Amino acid sequence: MYKNESMAEYEYCIISQFDDKIHEACGVFGVYNNDDLDVARLVYFGLYALQHRGQESCGIAVNQDGEITGHKGMGLVSEVFTERILDRLDGKMAIGHTRYSTTGGSSIENCQPLIARYKDGRMAIAHNGNLVNASKIRLEFENQGAIFQTSTDSEVIANLISRHGLKCRNLEEALIKTMEIIEGSYSLIIMTSNKLAGIRDPWGIRPLCIGKLYNSYILASETCALEAVGAEFIRDVEPGEIVFIEGDSIRSIKTNYNKPHRLCIFEHIYFARPDSFIDGASIYNARIEAGRLLAIQHPVDADLVVGVPDSGITAAIGFSRQSGIPYGEALIKNRYVGRTFIQPNQKMREQSVNIKLNALRTEIEGKRIVLIDDSIVRGTTTKKIVQMLKNAGAKEVHMRISSPPVKFPCYFGIDIASKEHLIAANHTIEEIRDVIGADSLGFLSVENLLESPVGAPKNSFCTACFTGDYPINVPQGISEKQNCERFGY
Ligand code: SF4
């Protein structure tokens, strides 16, 4: 069981439900210690580097001589863990998780890593992604009398592993059988009494990579977390691959599902940190290239290029380099607005942009501004920022977006729940321009977006939220309404 499970569960007003950004699902990190490492602190720092992937809750589970314990709580890594808590978490292996809730609501029981007992002892699971058939499997199990402690699909995975564990000769077989049943996106780190396993779904929708620190092995959602703890990048886990780490050996099983590689393109647009590489492609370079291609696709006469902090800045630099229009820092972000930022109604939601961002009048006054952001979801925040620039004296504001219009819901772990919430699903580009009050508006095309991750094959990405072309058949059982409920809309 988790230590200190009674930790205060705050009355959170989850920021994602009130702002206009797309939010990521989760970050995972694990270490198999073959040295004399402080595994809990190592995971703590790894999670710190992955905090951008989920800010609702986090947890660390450690394995001490086969016994798995942990600590988890609602809040940021810095809020949930103290020196005293980390001192208590000692062991040979550890895994950690930062969460943004997808399937399952935002509550302490849904925090991960999930620790479960099965016939071979205990296991802990950290999951980034979302299964599209979890509800169906859960219902079947419940009809057979199974009890679930959480509403997450990660517990469905734990149940499947446990059930297959009864019939299979070993964990390897149980994991392969489980992968034959689950559908959707999953990057998993599983810790058992004696090994660490890393698994990436057959489409490779979410990232997972392997690193090495001295003689110890690390699994992480992004390479930035490896660098944060001084580990060297070894390679990405391949789509459909299971890696087992035990002692000083890494063993790989490549499942043969023959699915096309479909990394979520939003990892490049927004989710991943710019200093990360995924499947060999630099996130920073992809954003620079997206900005460069945007400048070619939608040129404009202007005096200054401004990026919306932080997500639009790298693409703005690319736009500036290509267009020759100087880049300037004209929007100042308050870096101390945390996730517990409470905005109880729509009116205050719009006001919140003033609290998070402010315009630098001396840079803006009398100028024609090109404003770059990574995406437009509802349009409410964009409208407010355009207005803010005009109030600060901008002569013109030309909005440029480094991704195509988001028109379709995501079923793979990102909170784009329903068309109803997407301005581009219900309006033409000219109507959106009018709503946000910009002088012109241009989106990057899907073709140019697929060119931006330099070195990656164009057909290796999921672009479903732009095109409606889902890599996995979304079962009819998941309606947009249910998808919304999963995200708490
Ligand atoms: S639908 Fe969009 S957000 Fe979801 S996995 Fe595909 S590209 Fe990513």
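Predicted model only: the values in this text are computed from it and were never measured.

(A) Fine view of the overall build of the chain. Of the regular secondary structure elements, the chain holds 18 helices and 23 strands. Considering the chain as a whole, with its 489 residues, one finds that 53% of them fall into the buried category. Residue pairs in contact within the chain that sit at least 24 positions apart in sequence constitute 73% of those at least 6 positions apart.

(B) A look at the sheet that holds strand E7 (residues 184–191). Read from one edge to the other, the open sheet built from six strands follows the order E5-E6-E7-E8-E12-E13, with strand pairing classed as antiparallel. Both edges of this open sheet fall to strand E5 (114–118) and strand E13 (249–254), since each of them pairs with a single strand only. Looking at each pair of strands side by side, their axes are set apart by 20° on average, direction ignored. In the packing of helix H5 (residues 153–167) onto the sheet, contacts are made with E5 and strand E6 (121–131), and the angle to E6 comes to roughly 130°.

(C) Molecular detail of the nonpolar core. Core analysis: the biggest nonpolar cluster contains 143 residues, and Val43, Ala94, Met191, Ile369 and Leu371 have the highest contact counts within it. Mapping this core onto the domain boundaries places at least three of its residues in each of domain 1 (15–259) and domain 2 (283–461). Other than its neighbours up to four places away in sequence, leucine 371 contacts Val306, Val308, Ile385, Val386, Leu389, Val397, His398 and Met399.

(D) Structural context of the sheet that holds strand E21 (residues 396–401). Across the sheet, which stays open at both edges, the four strands sit in the order E17-E20-E21-E22 with parallel pairing between neighbours. A single partner strand is all that each edge strand has here, and the edge strands are strand E17 (304–307) and strand E22 (440–443). Each adjacent strand pair in this sheet contributes to an overall mean axis angle of 20°, direction not counted. Alignment of E17 against strand E20 (residues 368–373), held across four bridges, turns out to be parallel. The partner of leucine 304 across the bridge, within E20, is isoleucine 369. Across the sheet, helix H10 (residues 313–323) touches E17, E20 and E21, and the angle it forms with E17 is around 160°. Across the face of the sheet, helix H15 (residues 429–436) comes into contact with E21 and E22 while running at roughly 130° to E22.

(E) A look at the pairing of E7. Buried residues dominate E7, accounting for eight of its eight residues. Pairing between E6 and E7: eight bridges, direction antiparallel. Bridging from a neighbouring strand, glycine 129 pairs with tyrosine 186 of E7.

(F) Fine view of the confidence of the model for the chain. Of the residues in the chain, 87% reach a pLDDT of 70 or more, and the chain-wide mean stands at 88. Note that pLDDT drops below 50 for residues 1–19; the model gives that stretch 32 contacts with residues more than four away or on any other chain. Note that pLDDT drops below 50 for residues 483–489; the model gives that stretch 19 contacts with residues more than four away or on any other chain.

(G) Representation of the packing of helix H4 (residues 134–143) against H5 in the model. Contact geometry of H4 with H5 gives a least axis separation of 10 Å together with a crossing angle of 55°. It follows that H4 is oblique to H5 by the angle criterion. Of the two possible hands of crossing, H4 and H5 adopt the one that is left-handed. Counted together, Ala134, Ile137, Arg138 and Phe141 of H4 and Asp153, Val156 and Asn159 of H5 form the full contact between these two elements. Considered class by class, the residues forming the contact of H4 with H5 number four nonpolar, one polar and two charged.

(H) Molecular detail of the environment of glycine 328. Secondary-structure assignment places glycine 328 in the loop between H10 and strand E18 (331–333). A tally of 18 C-beta atoms within 10 Å means that glycine 328 is categorised as partly exposed. Between the alpha carbons of glycine 328 and valine 306 there is a distance of 5.6 Å; along the sequence they are 22 residues apart. For glycine 328, the residues in contact, after removing those within four places along its chain, are Leu304, Val306 and Glu363.

(I) Structural view of H10. Across the eleven residues that make up H10, a large majority, eight, are buried. Among all positions in H10, only Ile313, Thr314, Ala315, Ala316, Gly318, Phe319, Ser320 and Ser323 are buried. Looking at the buried side of H10, the elements it contacts are helix H9 (283–297), E17, E20 and E21.

(J) Fine view of unusual backbone geometry. Note the cis peptide between glutamine 112 and proline 113, where omega equals 5°. Tracing the chain through its elements places proline 113 in the loop between strand E4 (93–99) and E5. In this model, proline 309 is joined to aspartate 310 through a cis peptide bond whose omega is -15°. Position of aspartate 310 relative to the elements: it lies in the loop between E17 and H10. Positive phi, close to 55°, is recorded for aspartate 65, a residue that is not glycine. Turning to its location among the elements, aspartate 65 is positioned in the loop between strand E2 (57–64) and strand E3 (67–74).

(K) Geometry of the environment of aspartate 415. Positionally, aspartate 415 belongs in the loop between E21 and helix H14 (423–426). Residues aspartate 415 and tyrosine 100, 315 residues apart in the sequence, show an inter-C-alpha distance of 9.2 Å.

(L) Spotlight on the packing of H5 against helix H6 (residues 171–181). Here H5 crosses H6 at 130°, and the two axes come no closer than 8 Å. The angle between the axes of H5 and H6 places the two elements in the oblique class. Pair H5 / H6 crosses with right-handed handedness. Counted together, Ile157, Leu160, Ile161, His164 and Gly165 of H5 and Ala174, Leu175, Lys177, Thr178 and Ile181 of H6 form the full contact between these two elements. Split into classes, the residues belonging to the contact of H5 with H6 amount to six nonpolar, three polar and one charged.

(M) Structural detail: the environment of proline 453. As for its placement among the helices and strands, proline 453 is situated in the loop between helix H16 (446–451) and strand E23 (461–462). Sequence separation between proline 453 and isoleucine 288 is 165 residues; the distance between their C-alpha atoms is 9.5 Å. Leaving out residues up to four positions away in the same chain, proline 453 has contacts with His268, Ala281 and Ala286.

Cut-offs used in this document
Residues numbered from 1 in each chain as written. Predicted model: local features only at pLDDT ≥ 70, side-chain atom pairs only at ≥ 80, totals over all residues. Helix = DSSP H or I, 4+ residues; strand = E, 2+ residues; numbered from the N terminus. Buried ≥ 20, exposed ≤ 12 C-beta atoms within 10 Å, placed from the backbone. Contact = placed C-beta atoms within 7 Å. Pairing = 2+ DSSP bridges. Axes fitted to C-alpha atoms, helices over the stretch in contact; angles between N-to-C directions. Core = buried A, V, L, I, M, F, W, Y, C linked by C-beta atoms within 7 Å. Domains from an automatic or database assignment. pLDDT = per-residue confidence, 0-100. Parallel < 35°, antiparallel > 145°, perpendicular 65-115°, else oblique. Left-handed = near helix turned anticlockwise from the far one by under 90°. Nonpolar A, V, L, I, M, F, W, Y, C, P; charged D, E, K, R; others polar.

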